[in-house]
Structures are given as C-alpha cells and as structure tokens.
Amino acid sequence: MKKATFREPAPAGARPSAAFASQAKAPVMALRRPTQRDIAVATGLSQTAVSLVLNRVEPSTVAAEARERILQTAQRLGYVPNRMARSLQSARTRTLACIVPDITNPTYPALVRGFQSAADAAGYDTMIFDTDGAPEREHRALQWLSQGHVDGVMAVFFHIGEAELLKAVRGRIAVVQLESQAHRPSRDIDKIYIDNAAAAQAMAQALIGKGHERIAMLSCPMGPGAERQRGFHAAMQRAGLPTCIVAAEDFTQAAGERALAAELAGRFDVSAVFAANDLLAIGAIAALRAAGRRVPDDVAVAGFDDIPAAQVMHPALTTVGRSEQAIGRFAAGLLIARLDGPDADQPGRSFELPFQLVLRDSA
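Residues numbered from 1 in each chain as written. Predicted model: local features only at pLDDT ≥ 70, side-chain atom pairs only at ≥ 80, totals over all residues. Heavy atoms only, no water.

**Q** Sorry, what's going on with unusual backbone geometry here?
**A** Leaving glycine aside, a negative phi is the common case for residues, and trans is the common case for peptide bonds. Val295 connects to Pro296 through a cis peptide bond whose omega is 5 degrees. As for its placement among the helices and strands, Pro296 is situated in the loop between α12 (278-290) and β9 (300-302). In this structure, Pro315 follows His314 across a cis peptide bond, with omega equal to -5 degrees. For Pro315, the location among the structural elements is in the loop between α13 (308-312) and β10 (319-321). With phi around 55 degrees, Arg94 is a residue other than glycine that occupies positive phi space. Along the chain, the position of Arg94 falls in the loop between α5 (83-90) and β1 (95-100). (Helix = DSSP H or I, 4+ residues; strand = E, 2+ residues; numbered from the N terminus.)

The following block contains the structure:
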C-alpha cells in the first residue's frame, strides 16, 4: 500500500514550484462549466441552433436529428443552464412563487407539490413564502413580490385585497390568486376558487339528512372560514334549525381542541360537529374523546379539505375534498401560459373548480 506523504508548508512569501503550480491549476480548469459554445463545437452545429434547443424556444427551426444530437451532447458534457446569465439577457428569472398562509397545514404542501410539478416540467424553479396568515407577513410578501424576484406567483392571502396586490406587482409579473368565493374577473389577475359556501352548505345538508338537528360549526373567521360559515348558516336556516358557531383562534388542530374543550366543559349538547377544516376536526375529535364522547356514536364529526390524514385516522374523517394537487398544477399552468404561451395578452379570468363530499366513518 502506498503511504501518503506530508510536507511542511512553504515559508510565508515563498513561490510554489512549477510542478506544484501546474497541479494547483488543474482542478480549476476541470471545474469550468461547459458552455453552449462547447456543445456547438462538439456537435459541429451552429451556436444559434444549440441556443434554440437548450433555451426551449418553440417553435424551433432545428431539425429533429440535430436537436437530439444537441441534447445528448449536453447531457454527456454535463451542461447546466446558466440561469443568472439568462435572466440578465431576458429580464426573466424563470422562477415562480407560491405564497401560502401555513406550510405546516397539510392542505398547502399538496397545493405546492402540484404547482411545483407543473413548474418543473416547464423549466421553472419554485420559491415558497409562508405568511402564517399574519397581516404583517402578508405585507412583507407583497413587498418581496414588488422587487421582481419572480416571473409569476400563485398567492393565498387572508388580508391583502386585489387593489393592493395590483399596486404592488404593477403588471410586471403574472398572478394567480386563490379565492374563497367567486369574484368578478380582474384586468390583470387570474382567479381560482371553489364555492366554499356551497360546499359547506352541502356538507351541512348531508349531516341533516342523517338525522342531525343539533349541529355546531367549529370555525375560524379568517380566510375561507367566513364563506364556510355562511354556507352552514344557509343550510341550517333552510332546515329551520338553530345555528351554533364555535370560534377557534386559527385553523390548527390545537386551536380546534382548545375551542371545543372549552364548550364541552359547559352545557354543550350537540349530535354533530362540522369543522371548517380537517385540522380543526381532528382537534375536535381529540377534545370529544378527552370528554368521554365517542365518535361517531355520541357525536359525529365532519371536516373540510380532505388532507392525507383524513382517510387514515380512526374513524376515517368525513370531509369536503377539493384536490389540492390538481389546483396547484392548474394554477402553475395558467402562469406558464401567460409567460410562455398564447395567453400573455388575455384579460384576467376566473375559474371555479369542483368539490366533492367524501363520506367516511366519522359522520
């Protein structure tokens, strides 16, 4: 076995030997990134043809055989696009943003995953900004958007209105906003929504149809909470039943457990709890069990969002599903169509996406 040898460092100010200098330069040369010019030389094709293929310019005038040769050579040489240089040339970042209120809420990772899969396929990077649903953090996100870090954004805001958002972006980036209810189309913003009021009304009517007359809704007034409460109230009013709202401080499991536990400590007599999201519903089940109530034998529980935990918990949670990954992919597709496709000059549009009742064992 050849042993490693160690030498004393050269005295300060001493010049390295020619052999050492040659060895020192070799790794630096090896680290040079291959360029489009290198690929042009290796393939014998023009640099223009290489640029058209590697920059995904469509429709491309490069023949299929030449295109395949360029792509194979780029892979063999380990070519990686220089995003910084491309941004300087085109004033584009090839980056999209997701602004969400709580990345720990399982609803939003699914949304982001769908968004990122579509962005990746189109050659865009994705950045995520978590606002915690707090006004000051939403305004910080808005300031960040105004500085031009991204080409487009999918945003879920609880406190920022359309006028404020338009003022911040000034038409410089593409925007898709996820809303909790239908809005008139904006001039510069695409909107996606499910009808939260209709979905909540449908779930409340399903509970009423199972014979429940004393139903409480566990909700938070932020974000979609108000629309979901409105739908619940409409269903109860139509059935001639009293409306009971239990207020939670936010949409977390802990908040749901605290809010319902406080009610259960008093004279709280209901046969069903409809929570405005699944985390609140899971918290409600924990509070009911701690109080000695069985789900669904004593109290039925329903939620909203159909997060992954909803179908694996015991009992499996009845809820409203809305396919977050599909919504994320759809939102990214709208942005990419504005940035790279035929929709750049289209006025803002509004899209209603479907929901479905997912009936399981908890109600």
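**Q** Please clarify how the sheet that holds strand β7 (residues 244-247) should be interpreted in this entry.
**A** Backbone-to-backbone hydrogen bonds pair the strands of a sheet. The strands run either parallel or antiparallel. Strand order across the open sheet formed by four strands is β7-β6-β8-β9, with parallel pairing between neighbours. Edge positions in the open sheet fall to β7 and β9, since each of these has one partner strand only. Strand after strand, the sheet turns through a mean of 25 degrees between neighbouring axes, direction not considered. Sheet analysis places strand β8 (residues 272-275) next to β9, joined by three bridges and oriented parallel. Following the sheet pairing, Val273 is matched in β9 by Val301. The strands touched by helix α10 (residues 225-238) are β6 (215-219), β7 and β8; relative to β6, the strand with the most contacts, the crossing angle is about 170 degrees. (Pairing = 2+ DSSP bridges. Axes fitted to C-alpha atoms, helices over the stretch in contact; angles between N-to-C directions. Contact = heavy atoms within 4.5 Å.)

**Q** What exactly am I supposed to notice about the pairing of strand β3 (residues 152-155) here?
**A** Each regular strand displays side chains that alternate between the two surfaces of the sheet. Because side chains alternate across β3, one face comprises the buried residues Gly152 and Met154, and the other comprises Val153 and Ala155, equally buried. Across four bridges, β1 lies against β3 in parallel orientation. Across the sheet, residue Leu96 finds its bridge partner in β3, namely Gly152. Taken together, the four bridges between β3 and strand β4 (residues 174-179) define a ladder with parallel strand orientation. Counted as the bridge partner of Met154 is Val176 from β4. (Buried < 20%, exposed > 50% of the residue type's maximum accessible area, 1.4 Å probe, protein only.)

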